[in-house]
Amino acid sequence: MAGTIQAIRFKQWLPEWDHFDFDPAQHRRKPDEHILLFSMPAVQLRALSGVYRRTRDHEGGEGLQRLHDPKRSAAIRDFVRFGHPYSGLPIAARDDASAAMRKPGWLPTAIVVNILTKEDERRGRKVATSDLVSIN
């Protein structure tokens, strides 16, 4: 899938991060100090990506995703429906008088993409040569 996408490159690095343990044997390679911000069509992103379900060794074990918290999900749902500050009001305080505080609760969406190199391997597979990107 050939094409060009313009991106904004900027440094996102704190000096104290230089002292973190980036042990490749622990799958903790030091990331680049710069990140890219760009937009691309969803259909193109989908064609280039792989999504895998993460599993935990045991309930509450280590993992990158937090466990589902129904109360948190309800709070997010209320924020989207009613916005701030109305969504933060106790249910008993949500009445006709407070209804004027309702507004859309927008959740800007960003997707973090890990751009793999030709050396990277995931689940025993490498990126197809035709899917590699170059950053100029």
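Residues numbered from 1 in each chain as written. Predicted model: local features only at pLDDT ≥ 70, side-chain atom pairs only at ≥ 80, totals over all residues. Heavy atoms only, no water.

1. Some thoughts on the overall build of the protein
Part 1: Across its full length, the protein holds two helices and four strands.
Part 2: Written out in order from the N terminus, the α and β elements of the protein read β-β-α-α-β-β.
Part 3: Considering only intrachain contacts with a sequence separation of at least 6, the fraction spanning at least 24 residues in the protein is 35%.
Part 4: Total accessible area computed for the protein in this model is approximately 12300 Å², and 54% of it derives from carbon and sulfur atoms. (Helix = DSSP H or I, 4+ residues; strand = E, 2+ residues; numbered from the N terminus. Contact = heavy atoms within 4.5 Å. Areas by Shrake-Rupley, 256 points an atom, 1.4 Å probe, with all protein chains shown as cover.)

2. Some words on a nonpolar patch on the surface
Part 1: A contiguous nonpolar surface patch, about 580 Å² in accessible area, is contributed by Ile-5, Phe-38, Ile-111, Val-113, Ile-115, Val-133 and Ile-135.
Part 2: Relative to the helices and strands, Ile-135 resides in the segment after strand S4 (125-126). (Patch = residues over 30% accessible without salt bridge, like charges linked within 9 Å, V, L, I, M, F, W, Y side chains within 5 Å. Salt bridge = Lys/Arg side-chain N within 4 Å of Asp/Glu carboxyl O.)

3. Observations regarding the packing of aromatic side chains
Ring pairs (aromatic) are described by centroid distance and by the angle formed between their planes.
Part 1: Tallied over the entire structure, the rule returns four aromatic pairs.
Part 2: Aromatic pair Trp-13 and Phe-22: ring centres 6.2 Å apart, planes at 35°, arrangement tilted.
Part 3: You can call Trp-13 buried: its relative accessible area is 14%.
Part 4: Residue class for Phe-22 comes out partly exposed when judged on its relative accessible area of 22%. (Phe/Tyr/Trp six-rings, centres within 6.5 Å; stacked < 30°, edge-to-face > 60°. Buried < 20%, exposed > 50% of the residue type's maximum accessible area, 1.4 Å probe, protein only.)

4. Observations concerning the pattern of salt bridges
Part 1: One pass over the full model with this rule turns up six salt bridges.
Part 2: Residue Glu-33 is joined to Lys-30 by a salt bridge in which the shortest nitrogen-to-oxygen separation is 4.0 Å.
Part 3: The exposure class of Lys-30 is partly exposed, given its relative accessible area of 41%.
Part 4: Where Arg-94 meets Asp-78, a salt bridge forms, and the shortest distance between an N and an O atom there is 3.4 Å. A residue pair is termed long-range when its members are at least 10 positions apart, and Arg-94 in the loop between helix H2 (70-82) and strand S3 (121-122) and Asp-78 in helix H2 qualify at 16 residues.
Part 5: Relative accessible area serves as the criterion here: at 11%, Asp-78 is assigned to the buried category.
Part 6: Taken together, the shared-partner salt bridges connect Lys-11, Asp-18, Lys-30 and Glu-33 into one network.

5. What to know about the confidence of the model for the protein
Part 1: Of the residues in the protein, 88% have a pLDDT of 70 or more, and the chain-wide mean is 83.
Part 2: Per-residue pLDDT, averaged within each element of the protein, yields its smallest value for helix H1 (residues 42-48) (83) and its largest for H2 (91). (pLDDT = per-residue confidence, 0-100.)

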